[in-house]
Amino acid sequence: MRHTLTVLAIVAAAAWAIPVQGAQVLHMYTALDTAETQLYIPEFEKDTGIKVEWVRLSSGEVLARLRAEAKNPQVSVWYGGPSQDHIAGKKAGISTPYKPPLDWTLPANAHDVDWHWVGYYFGAIGFGSNADFLKKAGVPAPTSWDDLLKPAYKGQIAIAFPYTSGTSYTVLATLVQMMGEDKAFEYWKKLHANIHHYDKSGSAPVTQAGLGEVGIAVSFSHDLIAKGSAKGYPIAMTFPREGTGYEIGGISLIKGGPEPELAKKFVDWALSVRAQNLMQQWFRIPLNPKAEVAKGAVRADQVKLINFDAVKAGDDRDRLIKRWRSEIGQ
Amino acid sequence: MSNAVRLENLRKVFEGRGGSSRVVAVDDVSLEVKDGSLVTLLGPSGCGKTTVLRMIAGFEAPTEGDVFIGDERITALPANKRRTSMVFQSYGLFPHMTVFNNIGYGLRIRKVPAPELRARVLSMLELVGLAGTEARLPSQLSGGQQQRVALARALITEPRVLLFDEPLSNLDAKLRVQMRLEIRRLQQRLQITSVYVTHDQDEAMTLSDQIVIMHQGRIQQVGSPQEIYSRPRTLFVADFIGKGNFLAGTVRAVDGDRAEVEITQGRLRIPAGGFRPADAVWVLLRPEAIGLAPAGVGRWQGRIAAATYLGSEIFYEVAVGGQNLLVKVGHPQGATPLEAGNPVGVVFDEGSLHLIPREGTA
Amino acid sequence: MNELRKILREPVLAAAIGVIAVSLFLFVIYPLFKVFQMSVVEDGRFTLHVYRDLLDKPFERRPIYNSLILGALVAVAGTAVGYLFAFAIARADVPWKRFFRLIATFPIISPPFVLSLAAILLLGRKGFITRMLFQGQWDPHIYGLRGLVLVETIAFFPTAFLIMLGILQAIDPALEESSLNLGATRWQVFRTVTLPLSVPGLASSLLVLFVESLADFGNPIILSGNFHVLSVQAYLHITGMVDFGGGAALAVILLFPTLAAFLLQKYWVSRKSYVTVTGKPSPARLSVDPFTRRLLFVLCLGVTGLILLLYGTVIFGSFVTLWGANYTLTIKHYASVFHIGGRYLRDTLILASVATPITGILGMVIAFLVVRKQFVGKGLMDLTSMLTFAVPGTVVGIGYILAFNERPLLLTGTAAIIVLLFIFRNVPVGIRAGVAALQQIDPAIEEAATNLGAGSARTFVTITLPLITPAFFSGLAYGFVRCMTAISAVIFVVSGRWNLITIAILGLVENADMSQAAAFSMVLIAIVLLVLGLIQVGVGRVATSQMGYEAAG
Ligand SMILES: Nc1ncnc2c1ncn2[C@@H]1O[C@H](COP(=O)(O)OP(=O)(O)O)[C@@H](O)[C@H]1O
Ligand SMILES: [Mg+2]
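Rules behind the numbers
- Residues numbered from 1 in each chain as written.
- Chains lettered and ligands numbered in written order.
- Predicted model: local features only at pLDDT ≥ 70, side-chain atom pairs only at ≥ 80, totals over all residues.
- Heavy atoms only, no water.
- Helix = DSSP H or I, 4+ residues; strand = E, 2+ residues; numbered from the N terminus.
- Rg over C-alpha atoms; globule rule 2.2 N^0.38 Å.
- Buried < 20%, exposed > 50% of the residue type's maximum accessible area, 1.4 Å probe, protein only.
- Contact = heavy atoms within 4.5 Å.
- Areas by Shrake-Rupley, 256 points an atom, 1.4 Å probe, with all protein chains shown as cover.
- Lys, Arg positive; Asp, Glu negative; His and termini not counted.
- Charge placed at Lys NZ, Arg CZ, Asp CG, Glu CD.
- Buried area = accessible area lost by both parts, 1.4 Å probe.
- Salt bridge = Lys/Arg side-chain N within 4 Å of Asp/Glu carboxyl O.
- Polar contact = N/O pair within 3.5 Å; in protein donor to acceptor, adjacent residues only side chain to side chain.
- Nonpolar A, V, L, I, M, F, W, Y, C, P; charged D, E, K, R; others polar.
- Near = heavy atom within 4 Å.
- pLDDT = per-residue confidence, 0-100.
- Pairing = 2+ DSSP bridges.
- Axes fitted to C-alpha atoms, helices over the stretch in contact; angles between N-to-C directions.
- Expected span 1.5 Å × (residues − 1).
- Bend = angle between axes of the 7 residues up to and from the residue.

## Here we look at the overall build of chain A
Looking only at helices and strands, chain A features 12 helices and 11 strands. Compactness check: chain A gives a C-alpha radius of gyration of 21 Å against a globular reference of 20 Å for 330 residues, within 12% of the reference. With respect to the three principal axes, the spread of C-alpha positions in chain A is 70 × 60 × 40 Å. Put simply, chain A has 330 residues, and 62% of those count as buried. Sequence separation of 24 or more characterises 75% of the internal contacts of chain A that already satisfy a separation of 6 or more. Total accessible area computed for chain A in this model is approximately 12000 Å², and 55% of it derives from carbon and sulfur atoms.

Take a look at the structure:
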């Protein structure tokens, strides 16, 4: 018996001692998909020798957690998620400014005025329809926001909760900016009748549409490609002709984060040509002009975009979400 | 150093758990067990015997009162420091240890060196007649053997006091008789102060230097087996030990060491034992103190009401003056038992009668 | 007073009681208190407005009804299936008893949401059955109440089965025989003797299943669709909306029915039992008539078939290239379990193997104290240590992030908080095993050791511990399973440094990465089975080296 106890004690001691060998560890929350994160992080680790410990959360969840941990920040970087979520983060006081040294210019809408966050990719909101579903139902793919309200799509649309997902909040903000707030909520109430369920993660509907669990996913174009057609799912991508919203994917440095220097290195790396090129695998549109765009990826000049005000969207986030919850009742 | 055990005004109250009421298990028990003697606590189930024993062992803390061994007050001493050894009713053998390790356990706790431990365990096994079984597990022994292991385990640490809690009640009748003689033999040989709990009066009679009769948490009487049997002080004791006929009476006069007692059947002159005129008494008439005589002979006349034939003896119920007397007759070889309805005479010696105080109730 | 003095005389014992009391307070009571406090205190003042706000809104009220309805349905369905199996095995002597028993307990060791995953693979709109059997003409609507009742019934009926099996085996067949003897038909025997004697077990099973369903998080977060339930809503409030007050209030609302059911079970139903559980299981001698036996057999076969189908689908799914589009078989998902999932596996295993032994030992020590020792506050210790069992993981998780987010108890982000959560959530398992084992051991055995000079600690180590070793290991085994499959509470406290495989699987399912999730689940189940097997072998060896305790008692 005594031996057993000794062994247990040693095991316990060893387990506590194992973590974090080597000094350079960067902690981050990422709003990218696990599978996508795996495309970038090992490359960063290879390039810099810095080890990264990351957790994947939906961007709304990242924000929630960063707020909760404000007194005791656990990570140094928030990687990914649309800029309006990062703007809301700035408003919540969880980020800290950093201006990366660049030999090219980021467009003004692709970074915070005070550099609390920087953008690193572009992506537009689109519709992904399951081709089999369209064929069987004998309906065309939706090409306008109003199409989504068609009775033929009843119980066939999936989208995420606007409060957990940056994607879905982008949709909400887009509608509000396009139609005006009251009209937008009227619209969503009608849309709700066609929605099968809400997901936590913005890209989750894509695979569900691919599988045929739902007929149509509302998500970002790169997710529609990367998790849909590129994987082999029969996903047809369309865009609303009235114009659509978009995101500038952002990175924030966390105020009081444990590894500020490593975090800055990460931002520099994410904007480098090498890192920006890696995004071809996920069909994101790089912001660095020297980087290459994946074939089939949807660039800003290929769809009709609305004049999307991300700052306003970020500022209004709490209010719009509160209203959304009480009007849609989810 | 004396290993006498002294109990002073011991009292134990169990506070009722979950709604049940409190139980006074032991009430004002004072007792002295002389060094090297064996005292039996005897009484019906639930009278508090085990509780007294467990307070001596230290498993229960007295609500009031003190326990001494010799001159040392041990009331506050933890059970494992008291050097008392208990033989449990269920033996309490360690099921995962061999006989050897069971017996050697106490020595190991005392850090006795291995060679000495071995020698002592083996000689103890010899003493209790279990040589050769040391490698077995308790489950591989018979009941009687388990009992001996328990005894050996208790003895080997040379305890100051040996405690027994109905150690023989799980054995069959024959083994029980054999084991109690063995326990007595060992105890006398080793001269260990012992307290022995039982509800079996035969066991108490054969084993004890002194018997303590308990009833409802209180001591009724302390005395040698003969004293308890022939001079019980209460109706309870007299009734609990052996069989008896109890005749209600009143002391009419005291004349020297004899008291004149009036009962329904007449007047009797009985050793007074401190009673005074007008005292209400029970007259104890033991069945074996009565003899039967042909009708017309003897002190009283009666009729056989029933006979129980037990081989070596016969119990008769004899109706005398509206009361049935139990009479024990050593069965004379060849004679046929008397039949119910036969008239008989009843004989006894007034000097063998005994008086017990009688309070209101019968 | 006396008892206090007696305890103080034994420093090891006093220290153990002290340490346990303090830890139970810190890691069980305090987090719950924080949840409660968060829901009623705002800006340092007491207020009920969080509750008022919540209960004002129909969409916040809805999950309360939903959870209760789901809980009630699952309790009834699960108890019925559990009773069916228990009766078939203990009383009807159906063929294939061992097989049924094995299958009926299997869901206990699998992560809860695996069944939801299977349900989607089978009955989703693109599910196997939906497409093959119904050619997609009929939508089973498994996202919501229907699906949840199905998977939770399968997931939780094993508990009902074990409870009912215990009760049925403890009913003396002589009772049924004498009823038969007095002229009752077999059906009358069942109705007048067997069923009434099972009532306390049925009641207790209903309550336990109700609690399990209410506390379930893994299944509803995957399968609830728009049928929102409390546990998931509380989670979304906190992680999605940073609404700590609302989340805490929902947690408190969730706590009430579960706690009520738990207390009812512990203090009322268990008292009503006519059956003494100490008796040895008696063999079923009273057989039912052949027709009933065949019927029961077929029913059991049906349920086991369903269970096998569900797990089989997960196995198949884990080898499919792209579920829903490309059914070519591949092992690439297993390759990536170790590639992308390596760190999840490693972390989960490390955390579980640190927490499990501590849980086991703590459980045994508490069981020992509660069964064998007298001390002030013993009842409270007993109740507190069992509490985490009844409190839904969601509530505990929220409690932990609230309680350990600030100095001096700053634990968020550490391995310690996960380990502590594992320990205090699983310790009741160890305690139960220990209490059951201790009650089988004659107290005289321990007293004999004390009497021979051993102190409390020594008695515990040399006598009690070896005797309860088998119970210790089974507590250990189950504790380990629970660590490996935990999700509802730990989802709140995972961090970048320490990740758990269950949470990774949840993410995969949410992203509809079904095959990958299936592969992860299979690896998880394989690890659990492997460890259970190892423990089994260990216990087997222990048991043979100390054969036959009972004989001495
Ligand atoms: N631990 C206990 N808690 C409550 N009552 C007890 C306990 N132990 C004994 N008693 C009660 O004290 C009384 C005396 O018990 P005990 O000493 O075991 O009697 P005996 O050994 O003479 O049969 C009984 O009424 C019994 O029920
Ligand atoms: Mg007793």
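## A closer look at the overall build of chain B
Counting its regular elements, chain B contains 8 helices and 20 strands. Out of the 362 residues in chain B, the part that is buried amounts to 51%. For chain B, the computed accessible surface area is about 16000 Å², with 49% contributed by carbon and sulfur atoms. Averaging the positions of the 41 positive and the 37 negative side-chain charges in chain B gives two centres separated by 5 Å.

## Here we look at the interface of chain C and chain B
Opposite the 28 residues of chain C that make contact, chain B presents 38 residues. For the pair chain C and chain B, the summed buried surface comes to about 2700 Å²; carbon and sulfur atoms form 57% of the total. Taken together, the links from chain C to chain B amount to 1 salt bridge. For the pair chain C and chain B, the interface holds 7 residue pairs in polar contact (both at pLDDT 80 or more). Elements with a minimum of two residues in the side of chain C that touches chain B: helix 1 (2-8), helix 20 (443-451) and helix 21 (456-485) of chain C. Ranked by residue count, the leading element in the side of chain C that touches chain B is helix 20 of chain C, at 7 residues. Tallied by class, the residues present in the side of chain C that touches chain B amount to 13 nonpolar, 10 polar and 5 charged.

## A closer look at the site of ligand 1
Residue and element names in this part refer to chain B. Every residue lining ligand 1 is accounted for by Phe14, Val23, Ala25, Ser45, Gly46, Cys47, Gly48, Lys49, Thr50 and Thr51. Within the backbone of lysine 49, one N or O atom sits 2.9 Å away from an oxygen atom of ligand 1. Coverage of ligand 1 by the protein chains reaches 64% of its 560 Å² of free accessible surface. Elements with a contribution of two residues or more to the shell around ligand 1: strand 2 (23-33) and helix 1 (49-57). Counting residues per element, the shell around ligand 1 draws most heavily on helix 1, which supplies 3 residues. Grouping the amino acids of the shell around ligand 1 by side-chain chemistry returns 4 nonpolar, 5 polar and 1 charged.

## Focus on the confidence of the model for chain A
Residue and element names in this part refer to chain A. On average, residues of chain A carry a pLDDT of 86, and 93% of them reach 70 or more. Confidence, read as mean pLDDT per element, is least for helix 1 (residues 2-17) in chain A (43) and greatest for strand 4 (residues 95-96) (95). The model gives residues 1-21 a pLDDT under 50, and that stretch makes 16 contacts with residues more than four places away or in other chains.

## Thoughts on the sheet that holds strand 6 (residues 84-87) of chain B
Working definition: the strands of a sheet are paired by backbone hydrogen bonds and lie parallel or antiparallel to each other. Residues and elements named next belong to chain B. Read from one edge of the open sheet, 6 strands run 6-7-8-3-9-10, paired in mixed fashion. Because the sheet does not close on itself, it has two edges, and the strands there are strand 6 and strand 10 (218-223). Within this sheet the neighbouring strands show an average axis-to-axis angle of 20°, counted without direction. For strand 9 (residues 210-215) and strand 10, the ladder comprises 5 bridges, and the chain directions are antiparallel. Each residue of the ladder has a partner; that of isoleucine 211, found in strand 10, is glycine 223.

## As for the interface of chain C and chain A
In this assembly, 55 residues from chain C lie in contact with 54 residues from chain A. Surface buried jointly by chain C and chain A totals about 4900 Å² across both partners, of which 57% is contributed by carbon and sulfur atoms. Interface area lost by chain C to chain A is led by Arg125, Glu510 and Asn511 of chain C, which between them contribute 14%. Our count for the contact surface shared by chain C and chain A stands at 1 salt bridge. Linking chain C with chain A are 7 residue pairs in polar contact (both at pLDDT 80 or more). Those elements that place two or more of their residues in the side of chain C that touches chain A are helix 4 (58-90), helix 12 (230-241), helix 16 (342-372) and helix 19 (415-440) of chain C. The element that contributes the greatest number of residues to the side of chain C that touches chain A is helix 12 of chain C, accounting for 8 residues.

## As for the arrangement of the chains
Here 2 pairs of chains are in contact, and chains A and C lead that list by number of contacts. Nowhere do chain A and chain B come into contact; their C-alpha atoms are at least 13 Å apart.

## Quick look at helix 19 of chain C
Along an α-helix, residues three or four apart share an orientation, since each turn contains 3.6 residues. All names here are of chain C. The end-to-end C-alpha separation of helix 19 is 37 Å, in line with the 38 Å expected for 26 residues at 1.5 Å each. Its maximal kink placed at asparagine 426, helix 19 deviates by approximately 40°, while the proline proline 428 follows within four residues. Counting buried positions over the 26 residues of helix 19 gives 22, a clear majority of the element. For helix 19, the capping residue at the N-terminal end is threonine 414, with a side-chain oxygen 3.4 Å from the backbone nitrogen of alanine 416.

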